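Each chain is listed here by its residues.
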Amino acid sequence: MANQEDKFKKVVSHAKEYGYVFQSSEIYDGLSAVYDYAQNGVELKKNIRDYWWKAMVQMHDNIVGLDAAIFMHPTTWKASGHVDAFSDPLIDNKDSKKRYRADVLIEDYVGKLDAKIEKEVKKAAKRFGDSFDKAQFLETNPRVLGYKEKGDAILQRMGQSLEKEDLADVKALIEELGIGCPLSGSKNWTDVKQFNLMFGTKLGASADTAMDLYLRPETAQGIFVNFLNVQKSGRMKIPFGIAQTGKAFRNEIVARQFIFRMREFEQMEMQFFVRPGTQKEWYEQWKETRLKWHLSLGMGEDNYRFHDHDKLAHYADAAADIEFKFPFGFKELEGIHSRTDFDLKAHEEHSGKKLQYFDPEINERYIPYVVETSIGLDRMFLAVFSNSLQEEELENGTTRTVLKLPAVLAPTKAAILPLVKKDGLPEVAKKIVEDLKWDFNVAYDEKDAVGRRYRRQDAAGTPYCITVDHDTLNDDSVTIRHRDTMEQQRVKISELKALIKEEVDVKNWLMKM
Ligand code: GAP
């Protein structure tokens, strides 16, 4: 655990030190769960977005893009169910005046039982040595079984109470378990209340005519309300998809873990409209396609797993998460949801406008079913960034910090380094920069010894360093150093462009899908 926490702290501080992510409004001590992307972060984020867009829109002749506004007519959110059902159960501590998510307090309590199980396992492993059989121990040890049974029963009761909206029982559970305020220990709790996560704002200048609006909590609704416009103007035939990337806003109560859970974040969503009755097949197909997209980045098959939902959102008939192994454990990275005809039907009812499709193949008119893929861009950023940050022991006994970003996503593809700041080497290096910058983001660096410059670029995530030395003046060749292997290769300046292109070309990466 301490190790995980250390690793995560390093991720956060490295992101700041190397110009990836800053706390928003830092000079005013920051704004909780809001972050800014700095010079390198903005490039990495853009490259992830492009990688998604190419795979989803450009490579599918039946998926088109959309850029809907953040502000939408307020009835949108009544129809989508967000006004009534997009909320978290909250509880306040009367003494510390701190507010918590009631379900998180209970889950944290169960997490402590899990930690006790881990402790028992460690003790037993020490006691039994090589003969220790962990699986058997977990299945038979009475103390472990007791903790497990207790944890399962608590979660089951909480799940049922939340499902039934029995918030009094959620409070009773907190009290029965003796859960105190994590900050003060006080057990003096208010009742549990539902708290809507949408941010409200106003449209219009005068107080009496202003209209109450919400900042969208998901981008998906912009797609639903435009479904027929896109279908007609694009003459789309079912099955087809509409994809969109953009900001979403949620007044998250437990906003922690850096950019994992933010109040302002960006989503990359695609709604795939299908004939009713075929949604199950498309759901399975999109689960598979999206996992392949992740795997194409080469961040390790073992770092991903599916989690099928037992408790479904108000709009879904099936749902699964693609979970990723973040520094704090496996957590949701992307959701794939079979949303039925819930949204289009609700918009039809609330707007009084038909949102139906005439299917010429079966001569029928219907409201399409929808399979959605929804991934948080910031969360994907965190997955890529945290997985790439590594400390390596080198053969000479030193360590290096290296950010092994997939080359296709790296903000800067190559750094051009004159070996010394004289003898005409900077001029040659700058000429290479001028030539390569038409095709790639490249950097020029002449400060410090070349070894230090390599380390700096390793830590910033630049996959290639190109060094211009005295021999370059005679043979028009440079040394290219590969970030991950630290191997060096002598190549002609005229070959550089093709060599880098081969390594960073989106096509070559997506072809691995
Ligand atoms: N349209 C469906 C939808 O919004 P969701 O599971 O609530 O579903 C989809 O969100 C994805 O958006 C999540 O898998 C996650 O990657 C990202 N996401 C959700 N809330 C977030 C937050 N507060 N901060 C960062 N990313 C978030």
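Refer to the structure printed above.
Bear in mind that the values here come from a model prediction, so they are computed numbers and not experimental data. (Residues numbered from 1 in each chain as written. Predicted model: local features only at pLDDT ≥ 70, side-chain atom pairs only at ≥ 80, totals over all residues. Heavy atoms only, no water.)

### What to know about the overall build of the chain
Now for step 1: When you go through the chain residue by residue, the secondary structure sums to 18 helices and 23 strands.
Now for step 2: Each principal axis of the C-alpha distribution contributes one length, and for the chain these read about 80 × 70 × 55 Å.
Now for step 3: A separation threshold of at least 6 residues defines the contact pool for the chain, and within that pool the share at least 24 residues apart is 65%.
Now for step 4: For the chain, the exposed area adds up to about 26100 Å²; of that, 49% sits on carbon and sulfur atoms.
Now for step 5: Looking at charge distribution, the chain has the averaged site of its 76 positive side-chain charges lying 3 Å from that of its 83 negative ones. (Helix = DSSP H or I, 4+ residues; strand = E, 2+ residues; numbered from the N terminus. Contact = heavy atoms within 4.5 Å. Areas by Shrake-Rupley, 256 points an atom, 1.4 Å probe, with all protein chains shown as cover. Lys, Arg positive; Asp, Glu negative; His and termini not counted. Charge placed at Lys NZ, Arg CZ, Asp CG, Glu CD.)

### Points about the packing of helix H14 (residues 425-436) against helix H17 (residues 496-504)
Now for step 1: At their nearest, the axes of H14 and H17 sit 11 Å apart, and the two run at 50 degrees to each other. By the angle between their axes, H14 is oblique relative to H17. Crossing hand, H14 versus H17: right-handed. Contact with H14, carried on its side by Ile432, Asp435 and Leu436, involves Leu496, Lys497 and Ile500 of H17 and no other residues of that element.
Now for step 2: Tallied by class, residues from the contact of H14 with H17 come to four nonpolar, no polar and two charged. (Axes fitted to C-alpha atoms, helices over the stretch in contact; angles between N-to-C directions. Parallel < 35°, antiparallel > 145°, perpendicular 65-115°, else oblique. Left-handed = near helix turned anticlockwise from the far one by under 90°. Nonpolar A, V, L, I, M, F, W, Y, C, P; charged D, E, K, R; others polar.)

### Here we look at the sheet that holds strand E20 (residues 442-444)
Now for step 1: Spatial strand order, E20-E19-E21-E22-E23: five strands in an open sheet with mixed pairing. Two strands bound the open sheet, and with one partner strand each, they are E20 and strand E23 (488-492). On average, each strand axis in the sheet is tilted by 25 degrees relative to the strand beside it, whichever way the strands run.
Now for step 2: Pairing between strand E19 (residues 414-418) and E20: three bridges, direction parallel. Its bridge partner lying in E20, alanine 414 is registered against valine 442. (Pairing = 2+ DSSP bridges.)

### Side note on the site of the ligand
Now for step 1: By nearness alone, 22 residues border the ligand, and Glu218, Arg250, Met262, Glu269 and Glu332 come closest of all.
Now for step 2: One of the side-chain N or O atoms of glutamate 252 is found 2.9 Å from a nitrogen atom in the ligand.
Now for step 3: Within the side chain of arginine 339, one N or O atom sits 3.3 Å away from a nitrogen atom of the ligand.
Now for step 4: For the ligand, the protein covers 92% of the area, taking 550 Å² as the surface of the free molecule.
Now for step 5: The set of elements that each furnish at least two residues to the shell around the ligand consists of strand E10 (264-274), strand E13 (329-340) and strand E16 (369-376).
Now for step 6: For the shell around the ligand, the element with the highest residue contribution is E13, accounting for six residues.
Now for step 7: Its residues assigned to classes, the shell around the ligand shows seven nonpolar, five polar and 10 charged. (Near = heavy atom within 4 Å. Polar contact = N/O pair within 3.5 Å; in protein donor to acceptor, adjacent residues only side chain to side chain.)

### Comments concerning unusual backbone geometry
Now for step 1: Isoleucine 238 connects to proline 239 through a cis peptide bond whose omega is 5 degrees.
Now for step 2: Within the secondary structure, proline 239 sits in the loop between helix H10 (227-233) and strand E9 (240-249).
Now for step 3: Notably, phenylalanine 258 is not glycine yet its phi reads approximately 60 degrees, a positive angle.
Now for step 4: Among the secondary structure elements, phenylalanine 258 is positioned in the loop between E9 and E10.

### What to know about a nonpolar patch on the surface
Now for step 1: Nonpolar side chains collect at one region of the surface, where Phe71, Leu203 and Met211 lie side by side and expose about 260 Å² of accessible area between them.
Now for step 2: Among the structural elements, phenylalanine 71 can be located in the loop between strand E3 (63-65) and helix H3 (75-79).
Now for step 3: A relative accessible area of 46% places phenylalanine 71 in the partly exposed class. (Patch = residues over 30% accessible without salt bridge, like charges linked within 9 Å, V, L, I, M, F, W, Y side chains within 5 Å. Salt bridge = Lys/Arg side-chain N within 4 Å of Asp/Glu carboxyl O. Buried < 20%, exposed > 50% of the residue type's maximum accessible area, 1.4 Å probe, protein only.)

### Points about the sheet that holds strand E6 (residues 193-196)
Now for step 1: The three strands lie next to each other as E5-E4-E6, forming an open sheet whose pairing is antiparallel. Of all the strands in the sheet, the pair left with one neighbour each is strand E5 (99-101) and E6. Across the sheet, the axes of successive neighbouring strands diverge by a mean angle of 50 degrees, strand direction being ignored.
Now for step 2: Relative to E6, strand E4 (residues 87-92) is paired through four bridges, and the arrangement is antiparallel. Its bridge partner being in E6, proline 89 is matched across the sheet by glutamine 194.

### Considering the packing of aromatic side chains
Now for step 1: Under the counting rule described, the total for this entry stands at 23 aromatic pairs.
Now for step 2: Relative to phenylalanine 385, the ring of phenylalanine 381 lies with its centre 6.1 Å away and its plane at 15 degrees, an arrangement referred to as stacked. Note that phenylalanine 381 and phenylalanine 385 are positioned in helix H13 (residues 377-388) at a spacing of four residues, about one turn of the helix. Like phenylalanine 385, phenylalanine 381 is buried.
Now for step 3: Among the aromatic residues, those joined into a ring-pair cluster are Phe8, Phe260, Tyr304, Phe324, Phe326 and Phe328. (Phe/Tyr/Trp six-rings, centres within 6.5 Å; stacked < 30°, edge-to-face > 60°.)

### Points about the pattern of salt bridges
Now for step 1: Following the criterion strictly, the structure yields 41 salt bridges and no others.
Now for step 2: Between glutamate 288 and lysine 292 there is a salt bridge, with its nearest N and O atoms 3.4 Å apart. You can see glutamate 288 and its partner lysine 292 sitting in helix H11 (residues 279-295), four residues apart, about one turn around the helix.
Now for step 3: For lysine 292, a relative accessible area of 38% corresponds to the partly exposed category.
Now for step 4: Ionic contacts of the salt-bridge type, sharing partners, join the residues Glu392, Arg400, Lys404, Asp458 and Arg481 into one network.

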